[in-house]
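# Tertiary structure, described
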Amino acid sequence: MKSISRRTFIAAGAGTAALFALGACGNSGNGGSGGSGKTYKIGVLQLTQHAALDAANDGFIKALDESGLKYEADQQNANNDQSTLATVASKFVGDGVDLIYAIATPAAQAVLAATDEIPVVGCAITDYAASGLVADNEKPGGNLTGTSDMNPVDEQIAMLQKVLPNAKHVGMLYASNESNSQLQVEMAEAACDKAGLTHERFTVSSSNEVQSVVESMVGKVDAGYSPTDNTIAAAAEQIGQIAKEGKLPFVVGEENMCMGMGVCTLSIDYTELGHMAGEMAVKILKGEDKPADMAIATESSDKLKVIKNEDMASALGIDLSVLDA
């Protein structure tokens, strides 16, 4: 039987009672015949809604469906609200789920604050060790493992130079409260230094600041760079409009951001990362492995994709044919 997946989107600040009432509406079940016959309870906690995180969710569910395991997945989306993350994580623990899938760093942090016993698989997290989620990326040592969305920052800066050979000053756009974004920006700055490009940081602390900060970049920098960042990704379409009007080209961290605001990128595949996370979850549920012993997984470099946003490039008068060479 094919599983039916539905996501429950929790309004920021929603009361606990309302959250519990909604939980039953967010289930997906798979009537597969594999495994011991047990129906596993899986809690899925997604930080917010944007295309990359949605893809990571979809890939995970696909892997579960392919496994043949019977499961019920309680899908919850916190809409980037910290208190909701904590409430959902506590709900999953109270429900006695068999495994929790945490999509994005804040979701994983909330889950680990709620339990050190229930197995947790993460996704859309750049560096687990640097974020304090695990002791070591090769040997996590606790109840959490998962897949990393570390993107090829050096190659993306090289791509920026290739597509925008006259760019000299690069604006780094990211959310200051996202530790993984900070890490990637530092890598991008190092790559710019090596390439002889100057750079300047433009940070937001919430989605409410995106418009004013991006508008402040226009005329100050020759190009913008944004890493895989949840706040920026969620506002990609809005940023794209400002970029077109201000003739400000962006090279970004991944495909979905690129189609909203960028001209090009060398992208990882979030559906594939989610699928890999799902395969890890299946091994854990079957008792074949433990999070403590499962190294953080990364996507193979040969699966990276060159993504072009031809509409944006045309609007900005940029020739992307140089990427075909």
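Shown above is the structure to which this text applies.
Since we're looking at a predicted model, the values are computed, not measured. Note on numbering: residues in each chain are counted from 1, in written sequence order. Two thresholds apply to this predicted model, a pLDDT of at least 70 for residue-level local features and 80 or more for giving and counting side-chain atom pairs, whereas whole-chain, interface and lining totals are computed over all residues. As a convention, hydrogens and water are excluded, and side-chain values are obtained from all of the structure's heavy atoms.

Another point: the overall build of the chain. A run of DSSP states H or I qualifies as a helix once it reaches four residues; a run of E qualifies as a strand once it reaches two. Both are numbered from the N-terminal end. Scanning the chain from terminus to terminus reveals twelve helices and 14 strands. The rule is simple: take the accessible area with a 1.4 Å probe, protein chains only, and divide by the maximum for that residue type; under 20% is buried, over 50% is exposed, in between is partly exposed. Across the 325 residues of the chain, 54% fall into the buried class. Considering only contacts in the chain between residues 6 or more positions apart, those separated by 24 or more positions represent 74%. Just so you have it, the chain exposes about 13100 Å², and 47% of that area is on carbon and sulfur atoms. Contacts are residue-level and defined by heavy atoms, with any inter-residue pair within 4.5 Å sufficient. Every accessible area reported is derived by Shrake-Rupley at a probe size of 1.4 Å, with residue values counting cover from the shown protein chains alone.

Turning our eyes to something else, we now look at the packing of helix α7 (residues 210-217) against helix α9 (residues 236-246). Contact pair α7 / α9: the axes reach a minimum separation of 10 Å and the direction vectors enclose 30°. One finds that α7 runs roughly parallel with respect to α9. Every pair of crossing elements has a handedness; the one defined by α7 and α9 is right-handed. Residues Val 210, Gln 211, Val 214 and Glu 215 of α7 form the contact with α9, whose participating residues are Gln 238, Ile 239 and Ile 242. When residues are grouped by polarity, Ala, Val, Leu, Ile, Met, Phe, Trp, Tyr, Cys and Pro land in nonpolar, Asp, Glu, Lys and Arg in charged, and all others, Gly among them, in polar. A breakdown of the residues in the contact of α7 with α9 according to their chemical character gives four nonpolar, two polar and one charged. In this analysis, axes come from line fits to C-alpha atoms, helices being fitted only over the stretch in contact, and the angle between any two N-to-C directions falls in the range 0 to 180 degrees. What sets the label is the angle itself: under 35 degrees gives roughly parallel, over 145 gives roughly antiparallel, 65 to 115 gives roughly perpendicular, and the rest give oblique. A crossing counts as left-handed when the near helix is turned anticlockwise from the far one by less than a right angle, and as right-handed when that turn is clockwise.

It is worth spelling out the packing of helix α3 (residues 82-95) against helix α4 (residues 105-114) at this point. It is at 8 Å that the axes of α3 and α4 come closest, and there the two elements cross at 45°. The angle between the axes of α3 and α4 places the two elements in the oblique class. In the packing of α3 onto α4, the handedness of the crossing is right-handed. Judged by residue contacts, Gln 82, Leu 85, Ala 86, Ala 89, Ser 90 and Val 93 of α3 engage Pro 106, Ala 107, Ala 110, Val 111 and Ala 114 from α4.

Here the focus is helix α11 (residues 270-285). Every helix has an expected span of 1.5 Å times one less than the residues it contains. Counted at 1.5 Å a residue, the expected span for α11 with its 16 residues is 22 Å, and the 22 Å between its end C-alpha atoms agrees. Lining the buried residues of α11 we find β3 (39-46), α2 (51-67), β5 (99-103), β6 (120-125), β7 (144-148) and β13 (297-298). Of the residues one or two after α11, Gly 287 is the one with positive phi, at around 80°.

Method remark: on a 1 Å grid restricted to protein atoms, a set of points is classed as a cavity if a 1.4 Å probe fits but cannot get out and as a pocket if it is open with protein on both sides within 12 Å along at least five of seven lines; lining residues have an atom within 4 Å of a point. Grid points are joined across faces, edges and corners, and a volume is the space filled by probe spheres set on the points. Here the largest pocket defines a volume of roughly 340 Å³. Along the wall of the largest pocket there are 26 residues; nearest its centre are Leu 47, Pro 106, Asn 177, Glu 178 and Asn 230. Residue assignment for the lining of the largest pocket shows that the elements contributing at least two residues are α2, α4, α6 (179-195) and α8 (230-234).

All right, on to the pairing of strand β12 (residues 264-267) then. Burial along β12 is two-sided: the residues Cys 264 and Leu 266 and Thr 265 and Ser 267 are all buried. Any two strands between which DSSP finds at least two bridges are classified as paired. Examined bridge by bridge, β12 and strand β14 (residues 305-308) share four bridges and lie antiparallel to one another. Looking at β14, one finds that Leu 266 is bridged to Val 306.

Position of Asn 143 among the secondary structure elements: in the loop between β6 and β7. We define a polar contact as two N or O atoms separated by no more than 3.5 Å, with the added condition that, inside protein, one atom must be a possible hydrogen donor and the other a possible acceptor, whereas residues neighbouring each other in sequence contribute only through side-chain atom pairs. A distance of 3.3 Å separates a polar atom in the side chain of Asn 143 from the backbone oxygen of Thr 115. At a separation of 2.9 Å, a polar atom in the side chain of Asn 143 contacts the main-chain carbonyl oxygen of Ile 118. The residues touching Asn 143, leaving out its near neighbours within four places in the chain, are Leu 112, Thr 115, Asp 116, Glu 117, Ile 118, Pro 119, Val 120 and Pro 291.

The next point concerns the packing of aromatic side chains. Only centres within 6.5 Å qualify two rings of Phe, Tyr or Trp (six-membered ring in Trp) as a pair; their planes then separate them into stacked at under 30 degrees, edge-to-face at over 60, and tilted for everything else. Using the criterion set out here, one finds one aromatic pair in the structure. Residues Phe 60 and Tyr 101 carry aromatic rings whose centres are separated by 3.7 Å and whose planes lie at 5° to one another, so their mutual orientation is stacked. With Phe 60 in helix α2 and Tyr 101 in strand β5, this pair connects stretches of sequence that are 41 residues apart. Across this residue pair, the class does not change: Phe 60 and Tyr 101 are buried.

Turning our attention to the environment of Phe 92. Residue placement: Phe 92 occurs in helix α3. A sequence separation of 47 residues divides Phe 92 from Leu 45, and the C-alpha atoms of the two residues are 9.2 Å apart.

Turning our attention to unusual backbone geometry. A positive phi is found at Asn 80, a non-glycine position, where the angle reads about 60°. Even without being glycine, Ala 124 reaches a positive phi, approximately 60°. Mapped onto the elements, Ala 124 comes out in strand β6.

A few words on the nonpolar core. What tends to happen in soluble globular proteins is that the nonpolar side chains get buried as a cluster. With 54 residues, the main nonpolar core has Ile 42, Leu 45, Phe 60, Leu 99, Tyr 101 and Tyr 270 as its most contacted residues. Of all the secondary-structure elements, those providing two or more residues to this core are β3, α2, β4 (70-77), α3, β5, α4, β6 and α11. Top contributing element to this core by residue count: α11, with nine residues. Excluding residues within four positions of it along the chain, Ile 42 makes contact with Phe 60, Leu 64, Tyr 71, Glu 72, Ala 73, Asp 74, Leu 99 and Leu 285. Listed in part, the 27 residues of the second largest apolar core include Val 185, Val 251, Cys 264 and Leu 320. Only buried residues count toward a nonpolar core, which is a set of Ala, Val, Leu, Ile, Met, Phe, Trp, Tyr and Cys residues joined through side-chain atoms within 4.5 Å.

So far we have only geometry, and geometry alone does not tell us how the molecule works.
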